[in-house]
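Single-letter residue listing:
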Number of protein chains: 2
Amino acid sequence: MRLENNLSRTFDILVEPGLLESKHSDAFSVLDDRHVLVITTPTVDRLYGERMRDLLATRSVDFDYLVLELSEARKTLDYVQQVCASAIYYGIGRKDTLVAFGGGVCSDIVGFAASMIRRGISHIRIPTTLVGQMDAGIGIKGGVNFRSKKNVLGCFHPPAAVLVDPVFLATLAIPSILQGLSEIIKVALVADRYLFEAVGTHGETLVFSRFQQPDDASLEILNQSIKLTLAELQQNPFEDQTLERLLDFGHTFSPDLEEESGFVLSHGDAVAIDMALTCTLATELGIMSVEDSGEVISLLQRLGLPIWSRLLSVNLCHSAICHAMVHRGGAVNLVVPTTIGKARFIRSPEQLDENVFRRCIDKLSKPNEDLTLSGIAKSESLRKIVM
Amino acid sequence: MRLENNLSRTFDILVEPGLLESKHSDAFSVLDDRHVLVITTPTVDRLYGERMRDLLATRSVDFDYLVLELSEARKTLDYVQQVCASAIYYGIGRKDTLVAFGGGVCSDIVGFAASMIRRGISHIRIPTTLVGQMDAGIGIKGGVNFRSKKNVLGCFHPPAAVLVDPVFLATLAIPSILQGLSEIIKVALVADRYLFEAVGTHGETLVFSRFQQPDDASLEILNQSIKLTLAELQQNPFEDQTLERLLDFGHTFSPDLEEESGFVLSHGDAVAIDMALTCTLATELGIMSVEDSGEVISLLQRLGLPIWSRLLSVNLCHSAICHAMVHRGGAVNLVVPTTIGKARFIRSPEQLDENVFRRCIDKLSKPNEDLTLSGIAKSESLRKIVM
């Protein structure tokens, strides 16, 4: 006897400045006639909570509202359970909806909770950070850290819609903008030289204007990053077609770095360090030119992203390769750029010996150390821990 | 911008006596070349653990083994986390497999854990109880109780295969057989008069032989129950086509009964009480004949399944209707038999007033009270709590 099960879903990602203004409220029609539970963070609530509540009230949406203090260190099953408990307390039913109104951690936790409440209810994502808007918030993944392992538990649970409003970025702290830029550079390096150059041209303006300037270029860079990320996801949304994923670039050594730091090192900083290491490795192995690799490292440094941490050791690199192999079905599948905008995979760990890692780490630990610290890591206490 | 995601899966349910004998070991080829974590319970381990380990060793399967004391009261996220933690500890990777070797609670917990480990790894189910073999173990659901709410968190996560060996039933306790018979009567009542009659004809023999006798009839009844259950599931595996599900018969009042008893009242007993109540209700509303309803109640009583509990109150029935409506998208969708083998839905709660529930409960509380106790409820301490 046999059981077949096919599940087809499609959702839209709407990118539009000023979404929370009533004239744009068509975007919120997915919430009409549903009981809605909005999950947000204290900062987003302080800045945008009133406007969100007004908008929902104007549309006569029956909603409840939950404010949770979230962070990467709190991306745990405990917080998923808190969301589930609230949803049950408020009587959220099978056709009702959760709204993740916050950064990447918020959409990870809310997406995971939505996947398990009554075996899966709908959710929409309104990412308010740059990482959320071009990476964590736009896909179909939710997840949490568990037993110190980054994102090791989670789900594939498509949202009903993603609403991206770049206006939210205006109130972000600079380190938060840098987290997103790190992911933008990631997708540019493996898929689009032009995007990399645009970030090079406008980097400082983007950072200091919080992605509000230059007017056209900032929106174009955001749109292009989302478009490229979606194009990659579209080929393999459940990661069951292949475990060779271009978007895994920068995400092989970074999980171990984050875990080793107890999640004090931020995700974007860890990805930047991973990219610097991988480009240096690519040059050592003759895969990428010295010039290209130098250009990447110099852009990361110029923008204030780190390229090295004192947690980066040969041992950590080897553990990371092992962990990646467990997660990638037995193959390393290390993504290495061949040039800026193109990449290939290293499938087996043979080339990745102790000496090559040692040389790369030595190289990265030396140049321009002052420039390797991002804003967030400049705080003295954090610097001692992770740098 | 838009993201499409389609997921297609198919799995086989193999029903065959003597699966754990090496000559049948083709069934286990799904485990070859994978790292396997077997999750089982102390009783199953004591009875069949050595044979399972021998079989895996003979096939050179690289396996680890976890024994967990499970029960309905332990069907919680804590136990799911224990399975996840073990899987991570043993280095279970993305292409590896969990094996749920036990009853319905085991497959519920292992299926849910498998759905979240690395966002979903494969699992196979080897149900060892009658409920597991014809209901809980053969579908694509996993789930746990949460905040005293039955199955309110869970997943749709298809197994890679289900291996059903009726030989395992031979060592079950009689109350456990009755739990399965309750679900068999459920599917018979809504879909197959012939199956109902077969249970009527062979009931006592099935119970006392632990489904090993009569030779042909026991296997046919098991096969037919699985076939009917799968046919219902096949139309609506993710419960997204309709929230009118024939298999919800017996599952409207029973969750509240189980919750109210602190999960001391067993699932099968609660389903039996729910079926007796619903048939009585159907007769009160002129939907089912007095004769048919009487035949159902008399079979339940003859087999030793309960038709009443002192927890059954008008208030509980009303709460259950409310909870069902939240879970069924705003409609009651109460499944009521029109005759034995056919059913329809009551969609709105208007007919279900206080008086009709009071009359039904009064009726059920009276006749042949001694006959309403199943083996498990005959224990004096339990009897005080739930009867």
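Bear in mind the structure is a predicted one, so any value in this text is a computation, not a measurement.

Enquirer: Please provide a residue-by-residue account of the interface of chain A and chain B, values included.
Expert: Contacts between chain A and chain B engage 58 residues on the former and 59 residues on the latter. When the area that chain A buries against chain B is broken down by residue, the three leading residues are A:Met1, A:Leu3 and A:Arg119, summing to 18%. Summed over the shared surface of chain A and chain B, the result is four salt bridges. Residue B:Asp12 pairs with A:Arg2 through a salt bridge whose shortest N-O separation is 2.7 Å. For the interface between chain A and chain B, the tally reads 27 residue pairs in polar contact (both at pLDDT 80 or more). Sorting the residues of the side of chain A that touches chain B by element identifies strand 1 (2-15), helix 2 (77-89), helix 3 (104-116), strand 6 (141-146), strand 7 (149-156), helix 7 (215-234) and helix 11 (314-327) of chain A as the ones contributing at least two each. Looking at which element gives the most residues to the side of chain A that touches chain B, the answer is strand 1 of chain A, with 13 residues. When grouped by side-chain class, the residues that make up the side of chain A that touches chain B number 28 nonpolar, 16 polar and 14 charged. In the sheet, strand 1 of chain A pairs with strand 1 (residues 2-15) of chain B via eleven bridges, with the strands oriented antiparallel. Bridge assignment links A:Leu3 to a residue of strand 1 of chain B, and that residue is B:Phe11.

Enquirer: Describe the packing of aromatic side chains, and please don't skip the residues or the numbers.
Expert: For any pair of aromatic rings, the description rests on two quantities: the centre-to-centre distance and the angle between the ring planes. Residue and element names in this part refer to chain A. By the definition in use, this model includes ten aromatic pairs over all chains. Plain terms: the ring middles of Phe156 and Phe238 are 5.7 Å apart, the flat faces sit at 70° to each other, and that makes the pair edge-to-face. Taken together, the residues Phe156 in strand 7 and Phe238 in the loop between helix 7 and helix 8 (254-260) connect sequence positions 82 residues apart. Given the relative accessible area of 10%, Phe238 is considered buried. Consider the rings of Phe253 and Phe357, whose centres lie 5.7 Å apart with planes at 80°: the pair is edge-to-face.

Enquirer: Any chance you could break down the relation of the copies chain A and chain B for me, citing the residues and the numbers?
Expert: The transformation that overlays chain A on chain B combines an axial shift of 0.0 Å with a rotation of 180°, and the residual RMSD is 0.0 Å. Here the transformation between the copies is reduced to the relation of a two-fold axis. Measuring from the rotation axis to each C-alpha of chain A, the shortest distance belongs to A:Leu7, at 2.5 Å. Of the residues that chain A buries at the interface, 100% are likewise interface residues in chain B, meaning the two copies contact each other through the same surface.

Enquirer: Please set out helix 2 (residues 77-89) of chain B residue by residue, giving values where relevant.
Expert: Owing to its 3.6 residues per turn, the α-helix brings residues three or four apart onto one side. Residue and element names in this part refer to chain B. For helix 2, with 13 residues, the first-to-last C-alpha span of 18 Å sits near the 18 Å given by 1.5 Å per residue. With ten of 13 residues buried, helix 2 lies mostly within the body of the structure. Of the residues making up helix 2, those classed as buried are Leu77, Tyr79, Val80, Gln81, Val83, Cys84, Ala85, Ser86, Ala87 and Ile88. Downstream of helix 2 by a residue or two, Gly91 has a phi angle that is positive, lying close to 75°.

Enquirer: Tell me about the sheet that holds strand 1 of chain A, and name the residues and values.
Expert: If you walk across this open sheet you meet the twelve strands as 3(A)-2(A)-4(A)-5(A)-8(A)-1(A)-1(B)-8(B)-5(B)-4(B)-2(B)-3(B), and the pairing is mixed. One side of each edge strand has no neighbouring strand; the edge strands of this open sheet are strand 3 (62-67) of chain A together with strand 3 (62-67) of chain B. Neighbour-to-neighbour, the strand axes of this sheet turn through a mean angle of 20°, independent of strand direction. As defined by bridge partners, strand 1 of chain A adjoins strand 8 (residues 161-164) of chain A across four bridges and the pair is classed as parallel. Residue pairing across strands places A:Ile13 opposite A:Val162, the latter belonging to strand 8 of chain A. Its contacts with the sheet put helix 1 (residues 42-58) of chain A on strand 2 (35-40), strand 3, strand 4 (97-102) and strand 5 (122-127) of chain A, and the angle it makes with strand 3 of chain A is roughly 175°. Along the sheet face, helix 7 (residues 215-234) of chain B touches strand 1 of chain A together with strand 1 and strand 8 (161-164) of chain B and points at about 170° away from the line of strand 1 of chain B.

Reading the values: the criteria
- Residues numbered from 1 in each chain as written.
- Chains lettered and ligands numbered in written order.
- Predicted model: local features only at pLDDT ≥ 70, side-chain atom pairs only at ≥ 80, totals over all residues.
- Heavy atoms only, no water.
- Contact = heavy atoms within 4.5 Å.
- Buried area = accessible area lost by both parts, 1.4 Å probe.
- Salt bridge = Lys/Arg side-chain N within 4 Å of Asp/Glu carboxyl O.
- Polar contact = N/O pair within 3.5 Å; in protein donor to acceptor, adjacent residues only side chain to side chain.
- Helix = DSSP H or I, 4+ residues; strand = E, 2+ residues; numbered from the N terminus.
- Nonpolar A, V, L, I, M, F, W, Y, C, P; charged D, E, K, R; others polar.
- Pairing = 2+ DSSP bridges.
- Phe/Tyr/Trp six-rings, centres within 6.5 Å; stacked < 30°, edge-to-face > 60°.
- Buried < 20%, exposed > 50% of the residue type's maximum accessible area, 1.4 Å probe, protein only.
- Least-squares fit on C-alpha atoms with pLDDT ≥ 70 in both.
- Expected span 1.5 Å × (residues − 1).
- Axes fitted to C-alpha atoms, helices over the stretch in contact; angles between N-to-C directions.

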